[in-house]
Amino acid sequence: MHFGNYFGAVTNWVELQNSYDCVYGIVDYHAMTMPFKPAKLRENTWELVFNLLATGIEAKNIFIQSLVPEHAELCWIFNCFTSYGQLSRMTQFKDKSNQAGEDADGFISAGLLDYPVLQAADILVYRADYVPVGKDQEQHLELTRNIATRFNLVVGKEYFTLPEPLYTEVPKVMSTADPSRKMSKSAGAKHYINVFADEQTIRKQIKSAVTDTGETKAGEMSAGVSNLFELLKASGKKEAWESLMDDYRNNALKYVDLKEAVAEGLVEISTQIRNNKAAIVADKKQVKEIIKASSADIRKKAHQTITDVKELTGLLNVKL
Ligand code: AMP
């Protein structure tokens, strides 16, 4: 998890828990669509659980996808309500299959093509009203709505409500090493700041942040400085933000002061999250039991949907 994910998505998920009935899935079935190592898959699944708990996602709202097999079951049924043509036109499939095609053996799994159908099942199995997606996921949500529409039409009942995207104003965090590109892991180590990094590393990365490359027009704030101000605001350092912005307007801003304030803000957040995580990991066994129980609880809703879907589609609906 880097500060791009954190400010751009995770803090929003934490906030949404106050106003909505939320469920958040750790999607290990999805993680199998690209080349993966079995031992690492399980380790990453738990690691993500610990990380999300450390940021403030409540345990009762977290489930692990493969513990709710109804996701895969509904995915199969939805496959029969989805056209091959539409799947092959998905932008993310094209990007990822190109990427996979360049890898060692050029293997592109059918799971990668089917990924958005499983995603539709993830959403509709809970009969969700809203999905807090980024703009990059708009196309997939549209597919989900298409599947729901077709399903309702075929079974002759408005069973699924069409889920809406829930857009929230979130900052777009840029790479501190190259503020013209998004902070992202895929661009390499210097292009993202890990939320779980130690204090020294975070301070060092902010210290070396690009500020002014001399390419900015007169009277315009450079992308690097603007990104640092954005990070400062996202860290909740309102007073420091105002005072440094005053300096900027008066042509008196010292980059070293801005960087110092940003580093302070990020380190505070990181320290809090790292401390939370240490407490969680110290009680790993217990936490795993809690998440298994929350998954079982969340599964009840998914099970009800599958039961209804079997009834509606003419599949046998009997208990063995
Ligand atoms: P990813 O792990 O890249 O798929 O990102 C997970 C979530 O974090 C998505 O909803 C993204 O929109 C969001 N996100 C990722 N990178 C950034 C960034 N640099 N700035 C803002 N949001 C981001």
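The structure we're discussing is the one just above.
Residues numbered from 1 in each chain as written. Predicted model: local features only at pLDDT ≥ 70, side-chain atom pairs only at ≥ 80, totals over all residues. Heavy atoms only, no water.

Draft legend 1. Expanded view of the overall build of the protein. The secondary structure content of the protein amounts to 13 helices and four strands. Here the protein holds 320 residues, and 42% of them are scored as buried. Taking the contacts inside the protein whose residues are at least 6 apart along the sequence as the reference set, 73% of them involve residues at least 24 apart. Carbon together with sulfur atoms contributes 51% to the accessible area of the protein, which is approximately 18,000 Å² in total. (Helix = DSSP H or I, 4+ residues; strand = E, 2+ residues; numbered from the N terminus. Buried < 20%, exposed > 50% of the residue type's maximum accessible area, 1.4 Å probe, protein only. Contact = heavy atoms within 4.5 Å. Areas by Shrake-Rupley, 256 points an atom, 1.4 Å probe, with all protein chains shown as cover.)

Draft legend 2. Inspection of the pattern of salt bridges at higher detail. The final tally for this structure, using the stated rule, is 14 salt bridges. In this structure, the salt-bridge partner of E73 is K310, at a minimum N-O distance of 3.2 Å. One end of the pair, E73, is in helix 4 (residues 70-79); the other, K310, is in helix 13 (residues 284-313), and 237 residues separate them in sequence. Note on K310: relative accessible area 21%, which makes it partly exposed. Between K238 and E242 there is a salt bridge, and its shortest N-O distance comes to 3.9 Å. Of this pair, K238 and E242 both sit in helix 11 (residues 238-249), separated by four residues, roughly a single helical turn. Linked through salt bridges whose partners overlap, the residues forming this network are E199, R203, E260 and E264. (Salt bridge = Lys/Arg side-chain N within 4 Å of Asp/Glu carboxyl O.)

Draft legend 3. Examining helix 11 more closely. With 12 residues, helix 11 should cover 16 Å at 1.5 Å per step; its first-to-last C-alpha distance of 16 Å lies within 8% of that length. Remark: N251 follows helix 11 within two positions and exhibits a positive phi of approximately 60 degrees. (Expected span 1.5 Å × (residues − 1).)

Draft legend 4. Focus on the site of the ligand. The full set of residues close to the ligand is H2, G4, N5, G8, A9, P171, K172, V173, K182 and M183. Here an oxygen atom of the ligand and a side-chain polar atom of N5 are 3.2 Å apart. A distance of 2.7 Å separates a nitrogen atom of the ligand from a polar backbone atom of V173. Calculation on the ligand without its partners gives an accessible area of 480 Å², and the protein chains cover 63% of this total. When grouped by side-chain class, the residues that make up the shell around the ligand number four nonpolar, four polar and two charged. (Near = heavy atom within 4 Å. Polar contact = N/O pair within 3.5 Å; in protein donor to acceptor, adjacent residues only side chain to side chain. Nonpolar A, V, L, I, M, F, W, Y, C, P; charged D, E, K, R; others polar.)

Draft legend 5. Up close: the side chain of T55. Relative to the elements of secondary structure, T55 occurs in helix 3 (residues 38-55). Each residue touching T55, except ones within four places of it in the same chain, is listed here: M1, Y6, V10, V14 and I273.

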